[in-house]
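Coordinate analysis (summary)
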Amino acid sequence: MTKTKITPEEALAYHLEPKPGKYEVVATTPMATQRDLSLAYSPGVAVPVQAIADNPETAYDYTVKGNMVAVISNGTAILGMGNLGALASKPVMEGKAVLFKRFADVNAIDIELDTEDAEEIIKAVSLMGPTFGGINLEDIKAPECFIIEQRLKEIMDIPVFHDDQHGTAVICAAGLINALELSGKKIGDVRIVLNGAGAAGIACLELLKSMGAKHDNCIMCDTKGVIYQGRTEGMNQWKSAHAANTPLRTLDEAMRGADVFLGVSAKGAVTPEMVSNMAENPVIFAMANPDPEITPEEAHAVRPDAIVATGRSDYPNQVNNVLGFPYLFRGALDIHARAINDEMKIACAKALAALAREDVPDEVAMAYGRKLSFGRDYIIPTPFDPRLIYIIPPAVAKAGMDTGVARRPIIDMPGYVQALKSRMDPTASILQGIHARAKQAQARMIFAEGDDPRVLRAAVAWQRAGLGKALVVGRESDVREKLETAGLADAFRELEVVNAANSRHLETYKEFLYTRLQRDGFDRIDVHRLAARDRHVFGALMLQHGHGDGLITGATRKSAHVLQLINHVFDARATDGAVGVTALLHKGRIVLIADTLVHEWPDSEDLATIATKAAAVARNLGLEPRVAFVSFSTFGYPVSERATKMHQAPKVLDARKVDFEYEGEMTVDVALNPAAMAHYPFCRLTGPANILVVPARHSASISVKLMQEMAGATVIGPILTGVKKPIQICSTNATVNDILNMAVMTACKVG
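It should be emphasised that the depicted structure is a prediction, and the values quoted were computed from it without experimental measurement.

Regular strands place side chains that alternate from one sheet face to the opposite one. Among the 5 residues of strand E11 (residues 443-447), 4 are classified as buried, and the element is accordingly described as predominantly covered. A crossover connection joins E11 to the parallel strand E12 (residues 468-473) through helix H20 (residues 453-464); in handedness this β-α-β unit is right-handed.

As structure tokens, this is what we get:
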């Protein structure tokens, strides 16, 4: 796996566009009429107010309390950057809030407290108790974090969880369960050395001891060496609790014969010599960020038998807190827990460990570009495993119920699991999957419009994300100037700029084009102008001759015009089998609409072909296709000449004996709404359609743009399919991210 390079300019642009920050608040109830306002506020709101006053437990029924977490920090220990203050911590806390939503559908709001006084923080947070169902403390330095968490646990009746401590501990424990199984050792027998006596390190050791690790077998070290009984320098009550009765004084001495090393310290803290002195089949969790105590390469060079995990996503076995905290809170919130106790954390760790031993779904392996199976390089599940949402929370909830912290136990556990499955957002995992496949493909991507700043920024992002080589069509001076204006001057040397006018392949391109177009009214002067002056044609010629692996164009010209230019080089017309498919991503759903680019007014045979090509795109995205031929009528009523072809198209597919679900004709609500579909029990679709084949290109365009403007849907496409080589045409209003997504689609040959 290659490391993604993120530039300061990209990071700032991500947080600035399209709106400052990372989330917004959206109303979940109607707010359109006077009646709505009367129900939402006065006088209607008085009814739930009184109900909660009479029975406080009903706050979970009538407010968002039961699915709301506060992410709280004072910025004294930001992501290894140190004490930068409350305000500077806000981007991190916003990020934590959106991770809660993305992975476990938990609403979260960040709160930054501008104080380093532990008592002030305790007072402020405790007073917020009525608002939230749980408190996630973050990036608060030790020892204050211990004091704050302990006191809040004592005085609040909702879960209080310091993720820097317990999140790391839970994932570490999950990985260690499996590492010890692979090495044939038991937790009660192994010698464990931990380096880094801060919040995370102490929590890791405490959780492992509660799982059976023996106190006398655990050695904790800090910057001054081993924490031993009788030591006074740099000590506090939390370190003292783990002081060992040992003659060992240095990390080097402690590592000799150790079975397990856990690191939450600093880059380079562990040497290859230390690793070489460890016991047989050593387990090394070098979790310092951004750089581990020792790299897997360094460890394996001296100990090939080592099982190694890090905090990095570009190495196997990433100890990533996102595997824990969203699902811990999901399970705790769903039982209205009073706390998150050790039993719930251990249940989370054991469930994670068990999941890593299960067969890995194809879509997960596809997302990571490699086969994943339980073993030394796969002891912890990946963050994008879709099973996490319905496997971890039930285990946490059951442990909470068994230990008496649940206010409202779950009676129907199978029903709860099904409800959790419905919370999954397939769109994010799909995008993650195609990005991983693109990174594996390492395509040479041709960006035809090198005079457009959006295209240049997308090309730079492509290159720096490790997705492949960016080939930019344009004049060197123009590209350099626009990159400088965009604050990306240093990127010029990273890109390969191809100037059509002085390309060494120009004569070859022109000869090919003349042979292809000479009977279509083009003479050699026309061909020279096309090849040397039109970037869309030149980019297509590069692709045709194998001087690139994919082509991205269309950001500066209307798609119909660009398609016409591409047809000078490739066969991308309706009669050639080309089809345009647009993906709409909205509120956790993905729906493909076709044909949005090529066919102006398809007949029933064309519609069947469009459906088949769209089904192939869906499968390439990891979706099992369910096609609906949509119209303003449903199964023959009302009768209309314009709906007839939509009625006939399924019969064409019947004759072709295709291997995907399809049905029609039907209105859009019947296609997408299970309740509406239920009125037609003979319908052959097993669930809501994810491909809508529409009557004509104009209706496709109207549908896509209406969803984009009115509903805020994310649009990817149109994805051009049915062409000999991978080409994608962006829309003229495409953002940098849209262009990058289209490039990813091209590299994955989704079309």
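Before going further, it helps to examine the packing of helix H6 (residues 118-127) against helix H7 (residues 144-155). Direction vectors running N to C along H6 and H7 enclose 35 degrees, while the axes themselves pass 10 Å from each other. As H6 runs across H7, the sense of the crossing is right-handed. On H7, the residues that touch Ala118, Glu119, Ile121, Ile122, Val125 and Ser126 of H6 are Glu144, Ile147, Ile148, Arg151, Leu152 and Ile155. For the contact of H6 with H7, a count of residues per class yields 8 nonpolar, 1 polar and 3 charged.

As a further point, take helix H14 (residues 325-334). Most of H14 is tucked away, with 10 of its 10 residues classed as buried. Those residues of H14 lying buried are Phe325, Pro326, Tyr327, Leu328, Phe329, Arg330, Gly331, Ala332, Leu333 and Asp334. His336 sits one or two positions beyond H14 and adopts a positive phi of about 50 degrees.

Before going further, it helps to examine the side chain of Thr596. One can find Thr596 in the loop between strand E16 (589-594) and helix H26 (604-620). Of the residues examined, Thr596 reaches a relative accessible area of 15% and is grouped as buried. Looking at Thr596, its side chain comes within polar contact range of the side chain of Thr582, at 2.8 Å. If sequence neighbours within four positions are ignored, Thr596 has contacts with Gly580, Val581, Thr582, Arg697, Ala700, Val704 and Pro718.

On to the pairing of strand E14 (residues 550-553). Neither face of E14 is open: one carries Gly550 and Ile552, the other Leu551 and Thr553, and all of them are buried. Note that E11 and E14 share 3 bridges and pair parallel. Looking at E14, one finds that Phe447 is bridged to Ile552.

Turning next to unusual backbone geometry. Along the chain, Tyr637 connects to Pro638 via a cis peptide bond; the corresponding omega equals -5 degrees. Mapped onto the elements of the fold, Pro638 is located in the loop between strand E17 (626-630) and helix H27 (641-656). Here the bond from Gly664 into Glu665 is cis, since omega is -5 degrees, no more than 30 degrees from zero. Within the secondary structure, Glu665 is located in strand E18 (residues 661-666). Within the chain, Asn317 stands out as a residue other than glycine whose phi angle is a positive 60 degrees. Inspection of the secondary structure assignment puts Asn317 in the loop between strand E10 (307-310) and H14. A relative accessible area of 4% means that Asn317 is categorised as buried. Positive phi, close to 50 degrees, is recorded for Gln442, a residue that is not glycine. Examined against the element boundaries, Gln442 turns out to sit in the loop between helix H19 (426-441) and E11.

Conventions we followed
- Residues numbered from 1 in each chain as written.
- Predicted model: local features only at pLDDT ≥ 70, side-chain atom pairs only at ≥ 80, totals over all residues.
- Heavy atoms only, no water.
- Buried < 20%, exposed > 50% of the residue type's maximum accessible area, 1.4 Å probe, protein only.
- Helix = DSSP H or I, 4+ residues; strand = E, 2+ residues; numbered from the N terminus.
- Right-handed = clockwise from strand over helix to strand, strands pointing away.
- Axes fitted to C-alpha atoms, helices over the stretch in contact; angles between N-to-C directions.
- Left-handed = near helix turned anticlockwise from the far one by under 90°.
- Contact = heavy atoms within 4.5 Å.
- Nonpolar A, V, L, I, M, F, W, Y, C, P; charged D, E, K, R; others polar.
- Polar contact = N/O pair within 3.5 Å; in protein donor to acceptor, adjacent residues only side chain to side chain.
- Pairing = 2+ DSSP bridges.

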